[in-house]
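Architecture at a glance
Each chain, letter by letter, is given below.
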Amino acid sequence: MNALAVVTTLVVGLSLQHVALGFFVENKIFLPGRSVREAGNEEPESSTSSSASTPLGNELKYLFYLPYESTDILAYRYNLALGNDLEADLKARLGAALSIPRGIPFFFYDNKHAQAVQELIDVFLEANDHPELADIALTVRGHVNEALYIFALYSAVYEMEVASPPDIPSLETVLPDRFINNEVVNEARRLVKAAVHKQNKDVVHVRWYHNQTGLSTRNTENRVAYWREDLFLNTFHWHWHLSNPYLSRPGKIDRRGELFYYAHHNMVARFNMERLSVGLKPVETFEDWRLPLENGYFPHLTAGNGFIWGDRQDDTLMQDIIGINISDAIYISKLELHRSHLLYSIDERYLICENGSQIYLTDDPAPGKPYGINLIGEALEAGASVNPAYYGNIHNNGHMLFGGSNDPLKKHGGNVGVMSAMEISARDSVFYRWHKFVDDVFFRYKMTQPPYTPDQLSVDVEVMEVAVQEDNGTLNDLHTFFTENTIVASHGMDFHLDPESDITVLYTSDFLNHTDFTYNITVNNTKSGTMKPKVRIFLAPKYDENGLPLTYASLLQYWSEMDVFEADPIDPGVSTITRRSSDSSILSAYTGNNANFSFSGCSFPRHLLLPRGKPDGMTFRLFVMVTDADQDRAFGGGEDEPPSFCTFCGIPGAPYPDRWPMGYPLERKSLHTEIDDFVDAYSNMMVIDVNIYHQEEPQGEENPGR
């Protein structure tokens, strides 16, 4: 067992000034240096607050705390008024929400669980204001599944817009047991017990690092465990599904099926860049479901209620999952049948609706008509599918198949694995093999679409020069490293040994990070008047795992969005567009006011904007395209795109602010063999080489946090 680096800090009362590398200011933990990341969006306040009247943020966030403890304990810890008894009318309205037992994980990939959480969300949304929501939440809290309650509460709070995203506790602080290794949790409990016994500490601080998680070097997949098991990557994946639930009302989320494709495509593409950075081949698709799965996974996680997540041995044979209720069974043969139906429809370029009619698949739809990629996405995840019985629920059932593979017949009462749980499924290496299969289905559809025409690609602007630069850095050289970040864990797990103990537990770990940089793009507006440019920036590796240059076709599955934004209007002639990397479109820069609330804080992790790179440098291609923002607006026109939203997550209740398919123009085939030839054909494009250097040694105390 690897030793933990453990630090305990003595604090006088709650007047906390410094905790190891971090310090608390206005509900945040800051780490010194060039960049800052909110750690849990909350302060380590006493869990026995004496104030009966709390601000809106506190009043709501307490509802998320201590999910595995009774409502009586929660109310005592935070001085809350208990809810009412569960009356017959409310019980009837909860419906399926009461059918999921307490004490088990919540499986959003399971239809019954997904339906149950939707019914609980609907009950929460009956509240007219936040006090009424709090009353309902405290009333039902002890009667529904713990994790289901948390998911529904997050959904309702975001949809009701009763608090801004920074005031809502982040998932890693509410369910820290989902992300923190058993060894670390046990060490924290030991230190808390000692602190209570000696009565000399108010804060226990435990550190663990990406190379201290007990992962064996015999498994080459563990070279990228720092990325897979990054807790903020996993909470992003959870937050994406929170913002885009597959059982949402059809039409509620514009292009939801395409968002499903685009977000997960980017996750796989970025994972492959990490693999190349550490000398691994790109992830292999898992498409023959009759063969053993060579990749095992041991999560080393135990939920706060004692539930131990199941392990999966190497070379596990996939089998039908047959539970106690035959209606819950997942048959591989049925998955194969649904796959054949979907692939046939893709090749024929039409889907078959429930009434037998056909719907043509195209990504150049007329105004008001659906994008083909959106229809494919809805069919794969059984969202607003045109024919659920015919196309099935391939994506979700695949997750449940992997999650139950350690005990498919339920002979041994084995617990399911993390692939069944949306908030931690991305920790498992098979997540990426499964989503590589899903991405291949989308790619197969994309290859049925014709290449973009010159009219679809060119505008009256010339990209003259592109460069990226860190502050005082060398042009086109970027750097990554590991830095520390801290979260508060004691709001999600109750470490108290008696009602009067009051100890805050902090966890610090290290995460891949980078130095912020600036894009400088020199353009020449050849139009006679002013134009508003839209800039599209993508990144991909230059070479494959064998050191050979990647062709245009090979790059299609690597391109990952770095930024897509509308710049300030430019006059005729030469102008320079500058953009900070921290303003990227895949990062939701919510400002903490309700004007930007609808974006729900869904954001790709800021510290993972750049791939790792190599110590001696790794060359990437940076593609830049400038188009006319007025011509790129969603069908029907509209105003400028919102100031803050994540392009991977979309905008609830509003049209996606771009009429082009997501990933345009690098998601279709081309007549060109090489990316340079493609770019040279259009003056409004440019591709350059950038080098990413990874510093192996940690940056130390004075280097940036997240």
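These remarks concern the structure in this document. (Residues numbered from 1 in each chain as written. Predicted model: local features only at pLDDT ≥ 70, side-chain atom pairs only at ≥ 80, totals over all residues. Heavy atoms only, no water.)

Observations concerning the overall build of the chain
Stated formally: Put simply, DSSP marks the helices as runs of H or I at least four residues long and the strands as runs of E at least two long, and each gets a number from the N terminus on. Residue burial is assigned from relative accessible area. The probe radius is 1.4 Å, only protein chains are included, and a residue is buried under 20% of its type maximum, exposed over 50%, and partly exposed in between. Throughout, a contact is declared for two residues whenever any of their heavy atoms are within 4.5 Å. Working definition of accessibility: Shrake-Rupley area with a 1.4 Å probe, residue cover restricted to the visible protein chains.
Assigned secondary structure in the chain consists of 20 helices and 17 strands. Split into buried and exposed, the 706 residues of the chain put 60% on the buried side. A fraction of 78% describes how many contacts in the chain between residues 6 or more apart in sequence connect residues 24 or more apart. Entry remark: accessible area of the chain is about 26,800 Å², with carbon and sulfur atoms responsible for 49%.

Observations concerning the pairing of strand S12 (residues 517-525)
To keep it simple, the criterion reads: One bridge is not enough; two strands pair if DSSP finds at least two bridges between them.
Within S12, eight of the nine residues are buried, leaving the element largely enclosed by the surrounding structure. Where strand S9 (residues 461-470) and S12 come together, nine bridges link them in antiparallel fashion. Of the residues in S12, the one forming a bridge with Glu 470 is Phe 517. Here S12 pairs with strand S15 (residues 573-580) via eight bridges, running antiparallel.

Concerning the sheet that holds S15
Spelled out, the test is: Think of each axis as a best-fit line through the C-alpha atoms, taken over the contacting stretch in the case of a helix, with angles from 0 to 180 degrees between the N-to-C directions.
The three strands lie next to each other as S9-S12-S15, forming an open sheet whose pairing is antiparallel. For this open sheet the edge positions go to S9 and S15, each flanked by a neighbour on one side alone. For this sheet, the mean angle separating the axes of adjacent strands, direction not counted, is 15 degrees.

Quick word on the pairing of strand S13 (residues 533-541)
Where a strand is regular, its side chains alternate between the two sheet faces. For S13, the tally of buried residues reaches nine of nine residues, placing the bulk of the element in the interior. Along S13, one buried face is formed by Pro 533, Val 535, Ile 537, Leu 539 and Pro 541 and the opposite face, lined by Lys 534, Arg 536, Phe 538 and Ala 540, is buried too. Taken together, the nine bridges between S13 and strand S16 (residues 618-628) define a ladder with antiparallel strand orientation. If you follow Val 535 over to S16, its bridge partner there is Val 626.

Points about the state of the cysteines
Two cysteines form a disulfide when their sulfur atoms are joined by a covalent bond. For clarity, the threshold we go by: Note on terminology: pairs of cysteine sulfur atoms within 2.5 Å are recorded as disulfides.
For the structure on display, the rule yields one disulfide. Free of any disulfide, Cys 646 has its nearest cysteine sulfur in Cys 649, 3.7 Å distant. Assessed through its relative accessible area of 2%, Cys 646 is described here as buried.

What about the side chain of Glu 667?
To keep it simple, the criterion reads: Two N or O atoms form a polar contact when they lie within 3.5 Å of each other; inside protein one atom must be a possible hydrogen donor and the other a possible acceptor, and for residues adjacent in sequence the pair counts only when both atoms belong to side chains.
Within the secondary structure, Glu 667 sits in the loop between helix H19 (629-632) and helix H20 (675-680). The exposure class of Glu 667 is buried, given its relative accessible area of 6%. Engagement of the side chain of Glu 667 in a polar contact is seen with the side chain of Tyr 452, the distance being 3.0 Å. Sequence-distant contacts of Glu 667, that is, excluding residues within four places in its chain, are made with Tyr 261, Lys 446, Met 447, Tyr 452, Leu 556, Pro 661 and Met 662.

Quick word on the layout of surface pockets
Rules: The way it works is a 1 Å grid over only the protein atoms, where trapped points that fit a 1.4 Å probe form a cavity and open points with protein on both sides within 12 Å along at least five of seven lines form a pocket, and then any residue with an atom within 4 Å of a point lines it. Grid points are joined across faces, edges and corners, and a volume is the space filled by probe spheres set on the points. Residue classes follow a fixed rule: Ala, Val, Leu, Ile, Met, Phe, Trp, Tyr, Cys and Pro count as nonpolar, while Asp, Glu, Lys and Arg count as charged, and any other residue, Gly among them, counts as polar.
Roughly 1,200 Å³ of internal volume is contained in the largest pocket. Considered class by class, the residues forming the lining of the largest pocket number 18 nonpolar, 16 polar and five charged.

Here's the deal with the nonpolar core
Heads up, the rule is: Buried residues of nine kinds, namely Ala, Val, Leu, Ile, Met, Phe, Trp, Tyr and Cys, make up a nonpolar core once their side-chain atoms join them within 4.5 Å.
Phe 124, Tyr 154, Leu 342, Tyr 507, Ile 521 and Phe 678 are the most contacted members of the largest nonpolar core, which has 205 residues in total. If one sorts the elements of this core by residue count, helix H6 (residues 146-160) sits on top with 12 residues. Contact partners of Leu 342, with chain neighbours within four places excluded, come to Leu 351, Ile 376, Ala 379, Leu 380, Tyr 391, Ile 394 and Val 441.

In short, geometric facts, not functional conclusions.
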